[in-house]
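Listed here are the chains, written in short residue letters.
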Amino acid sequence: MIKFDKYAKKLVIVVMFLLLFGSIMVFSTSWPYSYRLKGNEIDIIRKHIIFVGLSIIFMFLVSYVNILKFRKQSKNFFIFAFLLGFLVYSPLGINIYNARRWVGIGGLTFMPSDFMKIASIMMMAYIIDKYKKNFTFKNVFFKYLMIAGIAAFSVMIQPDLSNTLIIIGTLTAMYIIAGMDKKAIMFSGLGISIASFAAVYMLKSGYSRTSRIQAFIDPLKYRDSKSWQLIKSLFAITNGSIWGVGLGNGRQKYTLSEAHNDFIFATIAEEFGFIGSVFLIGVYIYLAYLGIMISRNVKNLYGKMVILGITFSIGLQTLVNIGTATGTIPPTGVTLPFVSYGGSSLVMTSVMIGIILSIARYDVKGR
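Everything numeric in this text was worked out from a predicted model, so none of it was measured. (Residues numbered from 1 in each chain as written. Predicted model: local features only at pLDDT ≥ 70, side-chain atom pairs only at ≥ 80, totals over all residues. Heavy atoms only, no water.)

Caption draft 1: Quick look at the overall build of the chain. A tally of regular secondary structure across the chain gives twelve helices and three strands. In the chain, which comprises 367 residues, the proportion classed as buried is 53%. Element-wise, carbon and sulfur atoms account for 68% of the exposed surface of the chain, whose accessible area totals about 17,000 Å². (Helix = DSSP H or I, 4+ residues; strand = E, 2+ residues; numbered from the N terminus. Buried < 20%, exposed > 50% of the residue type's maximum accessible area, 1.4 Å probe, protein only. Areas by Shrake-Rupley, 256 points an atom, 1.4 Å probe, with all protein chains shown as cover.)

Here it is in structure tokens:
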């Protein structure tokens, strides 16, 4: 039986630690909201534990599937993920907070954007691998542009700016790592800048993106309206000081909405302080390091790029979530990987790790 290398084994340990720590923090942050909403303190954590169990199962199941054999199916996966995005506007689509990002089938809900993250990475890896012997601007740039454009359109119609930027950032990073030339860098930078400006200031989607920028620039001015969440988050982080107030003793979670989801890092900072926050950030940095080291041992270019794409995607999502909680970037709606409460997001992020483990299992130098 083919076994994991040492870096893949460490990756599993890190992910399991984050899932365990996340379960503890979801309970700590969710029980007041769960009590107000459901009349008991354990409803949310009970669902979360189920999702954690499913995440672990799917992670290991996917690790036994040889993803490298599906290289030529990358285009079909990408088309499937693109079409899946339109389900948000079907009768199956669910509108929450003026955004249609979820699809419900029976009692199961999921975000199509989570599928697009994986599919776009596989598609970009396929293009890089296909043209590895003739990696020119003419052969690759416009295909990269098409993948990024289609993926962005599929996610933006929901609308979901944060995941759109994560996907575009991930694809761009893969292109740069593979050997993007100066001309492509110039056009990509210009295109991303224009697209970001248009999305933030011109797209009308039922809520104002401009108001989020205003809340980010001057949170105190809008503390009773646009920046209420951000102010609460900053209060929690400040209250944590160096060592924190102790697990379960945080106060801002009683009034901070999404305390168990998008803003869970704020309560982590309050209860574990600066030291605990830095330690958690260090764990994510170590996770990214392990992903990079695993990719270095992979001889198949397609597999190498898929691993790097997944690693960058998880790292960028972590950066965006923590940046939102600390007020260093405008408020967005993404979860903290493996830690925040979340159904499809948690499961699909674990599937990403399963894909890394699969590649590490079936294609490592020296075997």
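Caption draft 2: Focus on the layout of surface pockets. Estimated volume of the second largest pocket: approximately 610 Å³. Every residue lining the second largest pocket is counted, 23 residues in all, and those nearest its centre are V62, F115, I118, M348 and V351. A per-element tally of the lining of the second largest pocket places helix α12 (residues 344–362) first, with five residues. Taken together, the residues of the lining of the second largest pocket break down into 20 nonpolar, three polar and no charged. (1 Å grid on protein atoms, 1.4 Å probe; cavity = no way out; pocket = protein on both sides within 12 Å on 5 of 7 lines; lining within 4 Å. Points joined across faces, edges and corners; volume = space filled by probe spheres on them. Nonpolar A, V, L, I, M, F, W, Y, C, P; charged D, E, K, R; others polar.)

Caption draft 3: Main features of the packing of aromatic side chains. Under the criterion given, the structure shown has 16 aromatic pairs. Seen from their ring centres, F70 and F77 are 6.1 Å apart, and the 40 degrees between their planes marks the pair as tilted. For F77, a relative accessible area of 34% gives the class partly exposed. Measuring from centroid to centroid gives 5.0 Å for Y144 and Y175, while their planes differ by 55 degrees, and the two rings are tilted. Of this pair, Y144 sits in helix α5 (residues 137–156) while Y175 sits in helix α6 (residues 161–178), and the two are 31 residues apart along the sequence. Here Y144 and Y175 have matching classes, each one buried. Each member of the aromatic cluster is reached from another via a ring pair, and the members are F135, F137, F141, F142, Y144 and Y175. (Phe/Tyr/Trp six-rings, centres within 6.5 Å; stacked < 30°, edge-to-face > 60°.)

Caption draft 4: Broad picture of the packing of helix α3 (residues 74–85) against α5. Put simply, α3 and α5 touch, their axes get as near as 8 Å, and they point 30 degrees apart. Of the possible angle classes, the one that applies to α3 and α5 is roughly parallel. α5 is crossed by α3, and the crossing has left-handed handedness. Residues F78, A81, F82 and G85 of α3 lie in contact with α5, whose contacting residues are I147, I150, A151, F153 and S154. Here the contact of α3 with α5 is composed, by residue class, of seven nonpolar, two polar and no charged. (Axes fitted to C-alpha atoms, helices over the stretch in contact; angles between N-to-C directions. Parallel < 35°, antiparallel > 145°, perpendicular 65-115°, else oblique. Left-handed = near helix turned anticlockwise from the far one by under 90°. Contact = heavy atoms within 4.5 Å.)

Caption draft 5: Region of interest: unusual backbone geometry. The phi angle at S241 is positive, at roughly 50 degrees, despite the residue not being glycine. On the secondary structure map, S241 appears in the loop between α9 (228–240) and α10 (264–296). By relative accessible area, S241 is classed as partly exposed at 48%. We note that F338 has phi near 70 degrees; this positive angle belongs to a residue other than glycine. Inspection of the secondary structure assignment puts F338 in the loop between α11 (301–326) and α12.

Caption draft 6: Quick peek at the environment of P159. Assignment of secondary structure puts P159 in the loop between α5 and α6. Using a relative accessible area of 6% as the deciding quantity, one classes P159 as buried. Measuring from C-alpha to C-alpha, the distance between P159 and V88 comes to 9.9 Å, with 71 residues separating the pair along the chain.

Caption draft 7: Inspection of empty space enclosed by the protein at higher detail. Tallied over the entire structure, the rule returns one cavity of 30 Å³ or more. Of the pockets and cavities examined, the largest cavity occupies roughly 50 Å³. In this structure, the largest cavity is lined by T335, L336, P337, F338, S340, Y341, G342, S345, L346 and T349. Split by residue class, the lining of the largest cavity holds five nonpolar, five polar and no charged.

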